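Next come the chains, spelled out residue by residue.
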Amino acid sequence: MSDLKRSRFRHALLLLLLVLSQVSSASDNFAIVNINVIPMDEERLLEHQVVVVSGGVIQSVSDVAATSLPADLLQIPGEGRYLVPGLADLHVHLRNADELLSNLAWGVTTVMHLGGSGGPGEEILSFREEIRNGSRLGPTIYATDRILDGDPAIATGALSLGTADEAKTAVRNLKEQGFDFVKIYNNVSLPVFTAIVDEAKLQGLPVFGHIPRNFDALQALQLGQDAVVHTEEFFFAYFEGPRSTRNMSRDYAPDLNKLPALLTVLAENNVAVMPDLSFTFTNMLMWDSLDNVWNDAEFPFLHPDTASMWQAGNLNRRDDLENFIVREQWKYALMQTLTIAFQKAGILQVIGTDASLPGLFPGKAVHRELTELVKAGLSNYEALAIGTRNAGAFIERYLDADARLGQIRPGFRADFLILRDNPLEDVRNARLIDAVVTHGVYTDKAELDAHRGDKDRAAELDRKALEVDPGH
Ligand SMILES: [Zn+2]
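Residues numbered from 1 in each chain as written. Predicted model: local features only at pLDDT ≥ 70, side-chain atom pairs only at ≥ 80, totals over all residues. Heavy atoms only, no water.

Enquirer: Describe in detail the sheet that holds strand β8 (residues 140-143), supporting the description with residues and values.
Expert: Two pairing modes exist for strands in a sheet, parallel and antiparallel, and in both the strands are linked by backbone hydrogen bonds. Reading across the sheet, the three strands line up as β6-β7-β8 and stay open at both edges, with parallel pairing between neighbours. The sheet is open, and its two borders are formed by β6 (87-92) and β8, each paired with just one other strand. Taken pair by pair, the neighbouring strands of this sheet meet at an average axis angle of 15 degrees, ignoring direction. Here β6 pairs with strand β7 (residues 108-113) via four bridges, running parallel. By the bridge assignment for β7, alanine 88 is matched with threonine 110. Set on the sheet, helix α3 (residues 121-132) makes contact with β7 and β8; between it and β8 the angle comes to about 145 degrees. Packed on one face of the sheet, helix α13 (residues 364-376) meets β6 and β7 and runs near 100 degrees to β6. (Pairing = 2+ DSSP bridges. Helix = DSSP H or I, 4+ residues; strand = E, 2+ residues; numbered from the N terminus. Axes fitted to C-alpha atoms, helices over the stretch in contact; angles between N-to-C directions. Contact = heavy atoms within 4.5 Å.)

This is how it looks when you write it as structure tokens:
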């Protein structure tokens, strides 16, 4: 067998074993030879590089001409291709194991599960552990359990907290069960919010979430909220965007004189932000035509339960759709403005898509967000940085001080993608994935696709049943 064939065989076998959850070690030992590396430490491209991986870690990145490799080291040819860090989606709601492989297949090697949605928190923790110990193939997971909300809870499936004592107990429970952070929602009161951030600080858990709407938005950021999980929060909680679309007046304009104060508070308090333009843009696509989602080539990979949820939950069912569309357009324009302003002010921005809410395909949604960031006015490099190195900085800042990911450098985790074309020239080239390496495990994209979803099962779905019922 040639080296390449042997490597393919080994990788296919390894993938199969991993998918069957029967191996204990996910590490491998190989070199990608003569590839263009986009390290994402700054905007640059290194041609003709050798990247050596072992023990799940990048061991070296060096010029091919200056590198000699041990004769028995597995070598994977990289000619004409591009090596970039794996992508991160730091705002997902995982619904099943299928979504883990879909994320990987689209190059997403890190996800943060923001709980709620009745999602099985315990099951997420076992996925997290199995991926960590190499017995399951999937992205690195950070997770919380149920969302913490006020009384009454307005987030579906959230914990309703009426007092500071209840809030402290809820945070301690998350810590004891092994979750990584706290997610808060709009209806927490000031005393509950304060108890959450104080107890979270004691327990060493960061606090991410929506901006509370019962008190001043800037106060929440000053009191210790670490990240705002979508920029649309500022439309509602700070720029006085209409919260209800019933009887909505049509003369809204955000007061951008308030922007400098927001930038100052975000910067001074080290608050990170997720633009999440893709969520609102996807809603717009769905008003245009639901076919934009149902006819997506990714649809056959969607879990049938998720497809049913999309059918039941998509926003086109609203009876105030006309007002809703107007409001979403105001919101989208403001979100684009804020994304650019945050970038210029040096606010840490990371990708979070809210997949798999309706229209947001697990994994693929990250590529829509990359495109959205460029549409808003960022460069291809800036968008890619938000999806890679910024995620590494975010995780290091809030979740794991020892995590080294999001860049191609020795000592960093071997989470990277091999692309057929240069994403610095067109960010959509990040979709042209040949192979995904996660924790040092190399898998061909085609093999990942072969293992995820069940196309036959998806084809059985009654597509007619997915059409909108205008009566709702
Ligand atoms: Zn969410």
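Enquirer: Break down the pairing of strand β3 (residues 57-63) for me, citing the residues and quoting the values.
Expert: Working note: regular strand, side chains alternate between the two faces of the sheet. Relative to β3, strand β2 (residues 46-54) runs antiparallel, the two sharing six bridges. Bridging from a neighbouring strand, glutamine 49 pairs with aspartate 63 of β3. The antiparallel hairpin formed by β2 and β3 contains two residues in its connecting segment, where glycine 55 sits at a positive phi of about 60 degrees.

Enquirer: For the packing of helix α12 (residues 321-344) against α13, give the residues involved together with the corresponding values.
Expert: Running from amino to carboxyl end, α12 crosses α13 at an angle of 80 degrees, the nearest separation of the two axes being 9 Å. As judged from the angle between their axes, α12 and α13 are roughly perpendicular. Counting all contacts with α12, which are made through Tyr332, Gln336, Thr339 and Ile340, the residues of α13 involved are Glu372, Leu373, Lys375 and Ala376. Residues belonging to the contact of α12 with α13 are distributed by class as follows: four nonpolar, two polar and two charged. (Parallel < 35°, antiparallel > 145°, perpendicular 65-115°, else oblique. Nonpolar A, V, L, I, M, F, W, Y, C, P; charged D, E, K, R; others polar.)

Enquirer: Could you give an account of the environment of alanine 253, with specific residues and numbers?
Expert: Within the element layout of this structure, alanine 253 appears in the loop between α7 (232-237) and α8 (259-268). Measuring from C-alpha to C-alpha, the distance between alanine 253 and glycine 241 comes to 8.2 Å, with 12 residues separating the pair along the chain.

Enquirer: Now, about the coordination of the zinc ion: what can you tell me, with residues and values included?
Expert: Looking at the zinc ion, the protein donor atoms are His91 (NE2), His93 (NE2) and Asp354 (OD), and they sit 2.0 to 2.1 Å from it. All donor residues of the zinc ion come from one chain, and their arrangement in sequence is H-x1-H-x260-D. Here histidine 93, found in the loop between β6 and α2 (98-105), pairs with aspartate 354, found in the loop between α12 and α13; they are 261 residues apart in sequence, far enough to count as distant. Take histidine 93 and aspartate 354: they sit in the same class, and that class is buried. (Donors = N, O, S within 2.8 Å, 3.2 Å for Na, K, Ca; no water. Buried < 20%, exposed > 50% of the residue type's maximum accessible area, 1.4 Å probe, protein only.)

Enquirer: Would you mind going over the environment of leucine 218 in detail, with residue names and values included?
Expert: Note that leucine 218 resides in helix α6 (residues 217-223). Measuring from C-alpha to C-alpha, the distance between leucine 218 and leucine 262 comes to 7.0 Å, with 44 residues separating the pair along the chain. Setting aside residues up to four positions removed in sequence, leucine 218 forms contacts with Tyr238, Ala261, Leu262 and Val265.

Enquirer: I'd like a rundown of the confidence of the model for the chain, residues and numbers included.
Expert: Averaged over all residues, the pLDDT of the chain is 88; the fraction at 70 or higher stands at 88%. The low-confidence segment residues 1-10, where pLDDT is below 50, has 10 contacts with residues more than four positions distant or belonging to other chains. (pLDDT = per-residue confidence, 0-100.)

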